[in-house]
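Geometric and topological summary
Below, each chain spelled out in residue letters.
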Amino acid sequence: MTFLQPDGTESPGRSAHILHLEDNSGDRELVKMMLDEASIETDISAVETRADFERSLAENDWDLILSDFGLPSFDGLQALEMAVKVCPNTPFIFVTGTLGEDVAVESLKIGATDYVLKQRMTRLATSVRRALKEREERLRREKAERELRKKEEQLRFLAYHDALTDLPNRVLLLDRLAQALANAHRNKGRSAVLFIDLDRFKNINDSLGHLAGDIVLKQVAERMRECARENDTVARLGGDEFVVVLNAVRDGTDAAIAADRIQRAVESEFLVQGIRLTISCSIGIGVYPEDGEDGETLLKNADVALFSAKDSGRSRWQFFTREMNKQALERLKLENSVRQALAKNEFFLEYQPQLDLSTGKIVGAEALLRWWHPELGLVPPSTFLPVAETIGAIIPIGEWVLKTACAQARQWQKEGIATFTMAVNVSAPQLRHEPLAEAIQKALEESGLAPKYLELELTEASLLCNGEAIQPVLQQLSSMGLSLAIDNFGTGYASLSYLRRFPFSRLKIDPSFVQSISDNTRDAAFTAAIIGMGQGLQIGRASC
């Protein structure tokens, strides 16, 4: 038989631990013999006195207790009461010569499992076997119930906490925030929300992998815990966004001090996989009741302040203002319009001719994306393109530009108007988008335009953002027969090593240098140097 420990763990191969309270040695030997004959493996410890019985109960775990009723120093009911108090889950069987009906009923009420009269000892083995089996079933059931409760607690914890950092999640955050605001309202005080975002955290995931990113997030969470007071709440909303609820602040100064403390903690050096990293964070601050009288409004306004902090250069904290809310609503409206503009056919292309200054002939054209908004009119690219990149809309928009520009170039060729290169701008998110080459190939095939007539323009900034990861992409595009140009060259973003490593066929000098070459000798010299460098690197053309 397999016996279980009180915690439900199995102990295969061991005998049943039985405590036998009996002052008659002959009766003890009879019990042992009866159980042996029934093939019940036992390890019986016999005691005779109350003191020995109490000590044995306290010092050992027993599978079964057998007890005589009539004892010299105390009776069986007293022994039963002691056993029920110390080890209530251990079966207790009276083995006695006489036991009145009233006493038998009383003993069963107190907690006895059974009673066996000595003149009917043939029942002993059956009673013991049944008691041991019931104990085993009870322990298994209790173990299963404990495991179920533990799993329920784990599920309950996961329902209200972030799985990576163990911080409260959004559900628990809103509950804690509601409590904080209720306390502030009741005490006519203030509470504050810090909305925190790690600056450029995506670079860590992209360069070191998500495992390294998770390590950083855990360390950030721990640092924020250490910065917070005992009654404050630190939560993770997901990604690299955290929220701190500050209870009982006197004014905005307390919130600013807390934000500064968190910034300094986050900006301390991290050691991840043997690599030393430094990151920064931006923080938006909303104060109750000035910036919102309910949790959702306060969070929203703190998020608006966070966006303003990031837009102002990152690594700073910013209080919410009503003007920010107006700007946020305008931006939200702009984002929604950008998302719908392609489906509503609001985008169109203008084509800027490229001239050969030595002949005056048109040698190419650049496709320029334009947006006519039904209410705002012509929206500048500098306004809507950053928004499109941020919300991910630049990918389908970019594919539309490629298809439309290629189709127009091929149409001009068919009409005999011109046979020249069509230049199309490619953004940093497009370079990171894996199916870029596939989208270009599809645009060429659908339009019938030969690859040599398509030129892709990349800014220095996009090269810097994507680094080494885009070198194979550019090599693949070049091997397709496309021309590659670097746009706005000279603005100081990129290393000159990009010109050596990447297969560019043309440099486009930033207009800021070209506009004043006639009256600014330094700009003229710089422009001439760029042209000379391009020729030295066998980059075929330099243009403005």
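Observations concerning the overall build of the protein chain
Within the protein chain, the secondary structure is distributed over 20 helices and 22 strands. Going through the 544 residues of the protein chain one by one, you find that 45% of them count as buried. Contacts in the protein chain between residues at least 24 apart in sequence constitute 66% of all its contacts with a sequence separation of at least 6. For the protein chain, the accessible area works out to roughly 28200 Å², and carbon and sulfur atoms hold 50% of it.

What to know about the pairing of strand S7 (residues 114-117)
Residue alternation in S7 divides its side chains into a buried set, Asp 114 and Val 116, and an unburied set, Tyr 115 and Leu 117. At this point the chain moves from strand S6 (residues 92-96), through helix H4 (residues 101-110), to the parallel S7, and the crossover so formed is right-handed.

Things to note about helix H15 (residues 436-447)
Here H15 spans 17 Å end to end across 12 residues, near enough to the 16 Å set by a 1.5 Å rise per residue. Buried within H15 we find Leu 436, Ala 437, Ala 439, Ile 440, Ala 443, Leu 444 and Ser 447. Projection of H15 onto a plane perpendicular to its axis shows the buried side chains occupying an angular sector of 165°, all on one side. For H15, the exposed residues lying more than 90 degrees away from the buried face are Glu 438 and Glu 445.

Examining unusual backbone geometry
Negative phi characterises most residues that are not glycine, and trans characterises most peptide bonds. With an omega of 5°, the peptide bond running from Tyr 288 to Pro 289 counts as cis. Here Pro 289 is to be found in the loop between strand S13 (281-288) and helix H10 (295-311). If you check the backbone angles, Ser 39 has positive phi at about 60° while not being a glycine. Residue Ser 315 is not a glycine yet carries a positive backbone phi of 55°. Here Ser 315 shows up in the loop between H10 and strand S14 (317-319).

What to know about the sheet that holds strand S3 (residues 16-21)
With parallel pairing, 5 strands are arranged side by side in an open sheet as S4-S3-S5-S6-S7. The open sheet has two edge strands with one neighbour each: strand S4 (42-47) and S7. Here the average twist between neighbouring strands, direction ignored, is 20°.

A closer look at the nonpolar core
Ranked by size, the top nonpolar core spans 48 residues in total, and within it Val 338, Ile 440, Leu 454, Leu 456, Leu 474 and Leu 477 carry the most contacts. Sort the elements by how many residues they give to this core and helix H13 (residues 394-414) lands first, with 9 residues. With near-sequence residues (within four places) excluded, Leu 456 lies in contact with Leu 402, Val 424, Val 426, Ile 440, Leu 477, Leu 482, Ser 483, Leu 484 and Ala 485.

Points about the packing of aromatic side chains
Taken as a whole, this structure holds 9 aromatic pairs when the rule is applied. Centre to centre, the rings of Tyr 351 and Trp 412 are 5.2 Å apart; their planes meet at 70°, and the pair counts as edge-to-face. Here Tyr 351, found in strand S15 (residues 347-355), pairs with Trp 412, found in helix H13; they are 61 residues apart in sequence, far enough to count as distant. Residue Tyr 351 is classed as partly exposed on the basis of its relative accessible area, which comes to 23%. Look at Trp 412 and you get buried, because its relative accessible area is 17%. An aromatic cluster of at least three residues, connected via ring pairs, comprises Phe 69, Phe 92 and Phe 94. Over the aromatic face of Phe 74 sits the side chain of Arg 50, whose NZ or CZ is 5.5 Å from the ring centroid. Its guanidinium or amino end placed over the ring of Phe 270, Arg 223 lies 3.7 Å from that ring's centre, counting from NZ or CZ.

Here's the deal with the side chain of Asp 197
Inspection of the secondary structure assignment puts Asp 197 in strand S8 (residues 190-198). Within the structure, Asp 197 has its side chain in polar contact with the side chain of Lys 310 (distance 2.7 Å). When sequence neighbours within four positions are dropped, the list of residues in contact with Asp 197 reads Asp 240, Glu 241, Cys 281, Ser 282, Leu 306 and Lys 310.

How each quantity is defined
Residues numbered from 1 in each chain as written. Predicted model: local features only at pLDDT ≥ 70, side-chain atom pairs only at ≥ 80, totals over all residues. Heavy atoms only, no water. Helix = DSSP H or I, 4+ residues; strand = E, 2+ residues; numbered from the N terminus. Buried < 20%, exposed > 50% of the residue type's maximum accessible area, 1.4 Å probe, protein only. Contact = heavy atoms within 4.5 Å. Areas by Shrake-Rupley, 256 points an atom, 1.4 Å probe, with all protein chains shown as cover. Right-handed = clockwise from strand over helix to strand, strands pointing away. Expected span 1.5 Å × (residues − 1). Arc of directions from axis to C-beta. Pairing = 2+ DSSP bridges. Axes fitted to C-alpha atoms, helices over the stretch in contact; angles between N-to-C directions. Core = buried A, V, L, I, M, F, W, Y, C linked by side-chain atoms within 4.5 Å. Phe/Tyr/Trp six-rings, centres within 6.5 Å; stacked < 30°, edge-to-face > 60°. Lys NZ or Arg CZ within 6 Å of the ring centre and 35° of its normal. Polar contact = N/O pair within 3.5 Å; in protein donor to acceptor, adjacent residues only side chain to side chain.

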